[in-house]
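Listed below are the residues making up each chain.
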Amino acid sequence: MKSQDSERYSMIRLFETFIHSLSCVCEQDSYLFNQPSMKIPFSFRLASTLQKEVMPLLPDSYFIDMAIAATTEAKALIPDILIHDRAKENKDVLLAIVCKNGYLSEQELIGLHTLKNSSTCDLALGVAILPQQDYLLIYRSDEMFVDYYHFYKEQQHCSFLKRREIGDLEIDEKQLNLPISMKKRVSPRR
């Protein structure tokens, strides 16, 4: 198998392991979705599950840390969950996950992309925790794209939703935003 094929296979396996860990959290810790602020307990449970699934397969120098910067790049997001090699100066990052209560903004998607590229991260993911929905939204950053997936909590099934080019995000970010008032005009009485 070629090195590039082996790398792609490893990323697919890593994504599958992430999905399996997400399934376990949804099955065993579904009460988290009824809490007022889910990000921290959800991130912790996901990190704990990943610890059981991934760490036995990795060398001893790899660790799962929470809220540790993966890069010095200012625009990059700080991941909530980071699987990395602590022994290396350049922080060989295997997986970085950003969790958020609600959808990631355009700026945060660019930050996820920066995280992927500036830290040489194998897999950079975002998870939008949406309590009113029956799914979680997963963002998967690549060199050129951000893929969107729905992960259905009850069925524990992941399905591809759409793909956006990173260039589209950067163009959207630079668009002029006009401050439009949302107040209704009161018409004068006759």
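The rules behind the values
- Residues numbered from 1 in each chain as written.
- Predicted model: local features only at pLDDT ≥ 70, side-chain atom pairs only at ≥ 80, totals over all residues.
- Heavy atoms only, no water.
- Helix = DSSP H or I, 4+ residues; strand = E, 2+ residues; numbered from the N terminus.
- Expected span 1.5 Å × (residues − 1).
- Buried < 20%, exposed > 50% of the residue type's maximum accessible area, 1.4 Å probe, protein only.
- pLDDT = per-residue confidence, 0-100.
- Contact = heavy atoms within 4.5 Å.
- Salt bridge = Lys/Arg side-chain N within 4 Å of Asp/Glu carboxyl O.

1. Section: helix α3 (residues 106-118)
Because the α-helix completes a turn every 3.6 residues, residues three or four places apart line up on one side. Look at α3: 18 Å from first C-alpha to last across 13 residues, which is about the 18 Å you get at 1.5 Å a residue. Residues Leu-109, Ile-110, Gly-111, Leu-112, His-113, Thr-114, Leu-115 and Lys-116 constitute the buried set of α3. Downstream of α3 by one or two residues, Thr-120 has phi in the positive range, about 50°.

2. Some points on the confidence of the model for the protein chain
Predicted coordinates in regions of low pLDDT should not be interpreted in detail. Confidence in the prediction for the protein chain averages 85 pLDDT; 82% of positions are at 70 or higher. The low-confidence segment residues 172-187 (pLDDT under 50) makes four contacts with residues lying over four places distant or belonging to another chain.

3. As for the environment of Val-93
Examined against the element boundaries, Val-93 turns out to sit in strand β3 (residues 92-101). Relative accessible area serves as the criterion here: at 0%, Val-93 is assigned to the buried category. Distance from Val-93 to Leu-82, taken between C-alpha atoms, is 7.3 Å for residues eleven residues apart in sequence. Apart from residues lying up to four places away in sequence, Val-93 is in contact with Ala-70, Leu-82, Ile-83, His-84, Ser-119, Thr-120, Cys-121 and Asp-122.

4. Quick word on the environment of Gln-107
Tracing the backbone shows Gln-107 in helix α3. Sequence separation between Gln-107 and Ala-76 is 31 residues, and the spatial gap between their C-alpha atoms is 10.0 Å.

5. Some points on the pattern of salt bridges
A full pass over the atoms with the stated rule returns seven salt bridges. A salt bridge links Arg-45 to Asp-29, with the nearest nitrogen and oxygen atoms 3.0 Å apart. Residue Arg-45 is found in helix α2 (residues 39-54), and its partner Asp-29 is found in the loop between α1 (3-28) and α2; the two are separated by 16 residues along the sequence. Classification of Asp-29 by relative accessible area gives buried; the value is 7%.

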